[in-house]
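# Residue-level structural notes
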Amino acid sequence: MPDRDVLIIGAGFSGLYQLHKLRQLGFDAQIVEAGPQVGGTWYWNRYPGARCDIESIGYSYSFDHELQQEWNWSERYAAQPEILAYLEHVADRLDLRKDITFDTRVQSLVFDDADDCWTATTGNGSTISARFVVAATGCLSKPLTPTFDGLDDFTGDVHWTWDWPAGGADLAGKRVAVIGTGSSGVQTITAIAPVVGSMTVFQRTPTYAVPAQNRRIDEELAELKTHYDDFRAESRLSVGGFPCGDELPPFFEDLDDVRIRSELEVRYGNGGLCFQQSFRDLLQNEEANARAAEYVRNRISEKVDDPAVAEKLTPRTYPIAAKRMCVDTGYYEVYNQDNVALIDVNEQPIRRITPRGILAGDTEHEFDVIILATGFDAMTGALEAIDISHGAQTLRDKWSDGPRTYLGLMSAGFPNLFTVTGPQSPSVLSNMVTSIETHVEWISAALEYLHEHGLTRIEPDVAAEDNWVNTTNDAADMTLLGQAPSWYMGANVPGKPRAALPFVGGVGVYQQILDGVAVTGYHGFELV
Ligand code: FAD
């Protein structure tokens, strides 16, 4: 008999809820977590300015009515310490820690057909067997750590945004370099600009950032709590897992010029990622996309005093929203400071790190601190970091040309192994907490169904999986996603196959597909 009914890997938003849900259903479940405490993303990413870019009222659990009524988010976009405090509170409230083993990384998973169970081996050599495994390992949890020549020779401090020193870093008056201008870079740059002595930003791809319009939300939250459940229900059926207005405007081509302009202005003024839903077909229709992109480009040029710097910061080579957009709080204005410089590494490539700084092009720039905001091996990275095998087949080999899953939940040939917000589910294109709840609840219901029917094994049919892979690829091909060098497509990782990692069909549509599969007795899965 296996040690546990279910082994859950990871103690972030996904793992915590999964443990609670399975306990409620009477399963014996355990979490193994590589870090020293709960929180996942919100434990690791402690860099200055780290905060969510989906509004806190939606970027939080809906499953516990009292928790949702009692918890008070202070700001529209909560900062990292507040989100971490929330997850710690949830762990305490639900008494989750007693079933979590911290500081332990799962290194391999081997499936045994005789017992229908997985054996996990951890970094300290211990083993745990479980009938089912839920990989709640995170979509953005495997950092990309590019090996810049000479990094070890640098005599100043080096900080990675994904592993910021717990006690903070002293940047006051220092000469600071920041490499990377994705979300973490944009947030860090904005937050440290007031304290650094000088800052040089090394940019590869300029980002489209829209204002956060962050603010305290005491009154808004009190009002929302009078009908929070309605808001949550709407989130589950929305495109992005968060309602973006009463109704999405019609397709771009149905709108006249005045309406187009006003839609963009209103959404930009409201702030946040709902801007990318200005038109229902913004990610499909090139003209619609071009109008929204041009709107943001014009706003950038208004904010940056030096036209040459503004031009460098302006994205021109890829469609808006085809790469993760950023939500900013004065990012562009940072470049108006006399002590801030911007280097486009396409013009002046980083040749090496020197003991004193960075050699870019022919110039050595001297720094006291280098901050690396170089992103993640998204969606597949944390899963492929584990040696997952069933007989002669490994998951890494199976996915060598890109991930293959059924519904982003399981992969054929790897029975009893579920992924929360796995590749080919909406995941990173959505409010992740909505998508996490959807998956946790679906997985839990499937396990309950197996238990009630005396079954011990579930695995997707190859044909169902092939169909889903084709569906996700075809859906992505109908969008502009492939035109950006983004981590949505695996383009940020050298050698990673280019494939659309998330399902682009939207949270509401996806939820209906999952519901349909469950009510038909798990159509497309083989249950034994
Ligand atoms: P994670 O929080 O990543 O947790 C996974 C855990 O698994 C980690 O603690 C990790 O240590 C552990 N783990 C991984 N592999 C192993 C292993 N082999 N053995 C043991 N433990 C393992 N999403 C949004 O929707 N909105 C946002 O505003 C937003 N902001 C973000 C900001 C940042 C800086 C980052 C990095 C991500 C952000 N995300 C956002 C995405 C975010 O990752 C998810 O919203 C959510 O936190 C994911 O929760 P999770 O539990 O699935 O994964």
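Conventions adopted
- Each chain carries its own residue numbering, running from 1 in the written order of its sequence.
- Where local features are concerned, this predicted model is filtered to residues with pLDDT of at least 70; where side-chain atom pairs are given and counted, the filter is 80 or more; whole-chain, interface and lining totals use all residues.
- Side-chain measures here rest on the full set of heavy atoms in the structure, leaving out hydrogens and waters.
- UniProt positions are given in the numbering used here, feature names are shortened, and annotations may be inferred rather than shown by experiment.
- Here, a salt bridge means any side-chain nitrogen of Lys or Arg that lies within 4 Å of a carboxyl oxygen of Asp or Glu.
- In DSSP terms, a helix is any run of H or I states spanning at least four residues, a strand is any run of E spanning at least two, and both are numbered starting from the N terminus.
- Burial classes: relative accessible area under 20% of the type maximum marks a residue as buried, over 50% as exposed, and values in between as partly exposed (1.4 Å probe, protein chains only).
- Between any two strands, pairing holds if DSSP finds at least two bridges.
- Lines fitted to the C-alpha atoms define the axes, with helices restricted to the stretch that makes contact. Angles between their N-to-C directions range from 0 to 180 degrees.
- Here a residue counts as near a molecule or strand whenever at least one of its heavy atoms sits within 4 Å of it.
- A 3.5 Å cut-off defines polar contacts: any pair of N or O atoms within that distance qualifies, except that in protein one atom must be a possible hydrogen donor and the other a possible acceptor, and neighbouring residues in sequence count only when both atoms are side-chain atoms.
- Residue-level accessible areas treat just the shown protein chains as cover; the underlying method is Shrake-Rupley with a 1.4 Å probe.
- Think of it as three bins: nonpolar holds Ala, Val, Leu, Ile, Met, Phe, Trp, Tyr, Cys and Pro, charged holds Asp, Glu, Lys and Arg, and polar takes everything else, Gly as well.
- We define a nonpolar core as any set of buried Ala, Val, Leu, Ile, Met, Phe, Trp, Tyr and Cys residues linked to one another through side-chain atoms lying within 4.5 Å.
- Throughout, a residue-residue contact means that at least one pair of heavy atoms, one from each residue, lies within 4.5 Å.
- One fewer than the residue count of a helix, multiplied by 1.5 Å, yields its expected span.
- Our angle categories are set so that under 35 degrees counts as roughly parallel, over 145 as roughly antiparallel, 65 to 115 as roughly perpendicular, and the remainder as oblique.
- Should the near helix be turned counterclockwise from the far one by less than a right angle, the crossing is left-handed, whereas a clockwise turn marks it as right-handed.

As annotated in an unreviewed UniProt entry, the protein is NAD(P)/FAD-dependent oxidoreductase from Gordonia sesuvii. Checking UniProt for the protein, the heading Sequence similarities (unreviewed entry) contains the comment "Belongs to the FAD-binding monooxygenase family."

### Looking at the pattern of salt bridges
Enumeration over the complete set of coordinates arrives at 36 salt bridges. In this structure, Arg4 and Asp28 form a salt bridge, with 2.8 Å as the shortest nitrogen-oxygen distance. Of this pair, Arg4 sits in strand β1 (residues 4–9) while Asp28 sits in the loop between α1 (13–24) and β2 (29–32), and the two are 24 residues apart along the sequence. Asp53 is the partner of Arg324 in a salt bridge, and the nearest nitrogen-oxygen pair spans 2.8 Å. In this pair, Arg324 is assigned in the loop between α10 (307–313) and β11 (326–328) and Asp53 in the loop between α2 (41–44) and α3 (65–70), connecting sequence segments 271 residues apart. For the pair formed by Arg324 and Asp53, the shared burial category is buried. Among the ionic contacts, a cluster of salt bridges with common partners joins Arg175, Arg356, Glu364, Glu366 and Asp368.

### Some remarks on the sheet that holds strand β9 (residues 198–203)
One open sheet holds the 5 strands; their spatial order is β7-β16-β8-β9-β12, and the pairing between them is parallel. Of all the strands in the sheet, the pair left with one neighbour each is β7 (157–160) and β12 (340–344). Averaged over all pairs of adjacent strands, the angle between strand axes in this sheet comes to 20°, irrespective of strand direction. As defined by bridge partners, β9 adjoins β12 across 5 bridges and the pair is classed as parallel. Residue pairing across strands places Met199 opposite Val340, the latter belonging to β12.

### Remarks on the site of the ligand
Close to the ligand lie 32 residues, the nearest being Ser14, Glu33, Thr41, Asp53 and Tyr59. Within the contact set of the ligand, an oxygen atom lies 2.5 Å away from a backbone nitrogen or oxygen of Asp53. Here Val106 contributes a backbone N or O atom positioned 2.9 Å from a nitrogen atom of the ligand. Taking 970 Å² as the accessible area of the ligand by itself, protein coverage stands at 96%. Counting only elements with at least two residues in the shell around the ligand, the list comes to α1, α2 and α14 (432–452). For the shell around the ligand, the element with the most residues is α2, which contributes 3 residues. Classifying every residue of the shell around the ligand gives 17 nonpolar, 12 polar and 3 charged.

### Quick word on the nonpolar core
Grouped together as the largest cluster of nonpolar side chains are 129 residues, with contacts concentrated most on Phe13, Tyr61, Met199, Phe275 and Trp442. Of all the elements, α14 adds the most residues to this core, at 9 residues. Ignoring sequence-local partners within four residues, the contact set of Phe275 consists of Val210, Leu264, Arg267, Tyr268, Leu282, Ala292, Tyr295, Val296, Ile320 and Met325.

### Comments concerning α1
Its 12 residues give α1 an end-to-end C-alpha distance of 17 Å, which sits within 8% of 16 Å, the value for a rise of 1.5 Å per residue. Burial analysis of α1 places 9 of its 12 residues in the buried class, which makes it a mostly covered element. Considered for burial, the residues of α1 that qualify are Phe13, Ser14, Gly15, Leu16, Tyr17, Gln18, Leu19, His20 and Leu22. Just beyond α1, the residue with positive phi is Gly26, at close to 90°.

### Looking at the packing of helix α8 (residues 257–270) against helix α9 (residues 286–303)
Following both chains from N to C, one finds α8 and α9 inclined at 55°, their axes separated by 11 Å at the closest point. Viewed along their axes, α8 and α9 adopt a mutual orientation that is oblique. Read as a crossing pair, α8 and α9 show a hand that is right-handed. Residues Asp257, Ile260, Arg261, Leu264, Glu265 and Tyr268 of α8 lie in contact with α9, whose contacting residues are Arg291, Ala292, Tyr295, Val296, Arg299 and Lys303.

### Describing the sheet that holds strand β13 (residues 350–353)
With antiparallel pairing, the 3 strands of this open sheet are ordered in space as β13-β14-β15. Of all strands in the sheet, those bounded by a partner on one side alone are β13 and β15 (363–366). Between one strand axis and the next, the sheet turns through 25° on average, direction left out of account. When β13 meets strand β14 (residues 357–360), the two strands line up antiparallel, connected through 3 bridges. Among the inter-strand pairings, Ile350 is bridged to a residue of β14, identified as Ala360.

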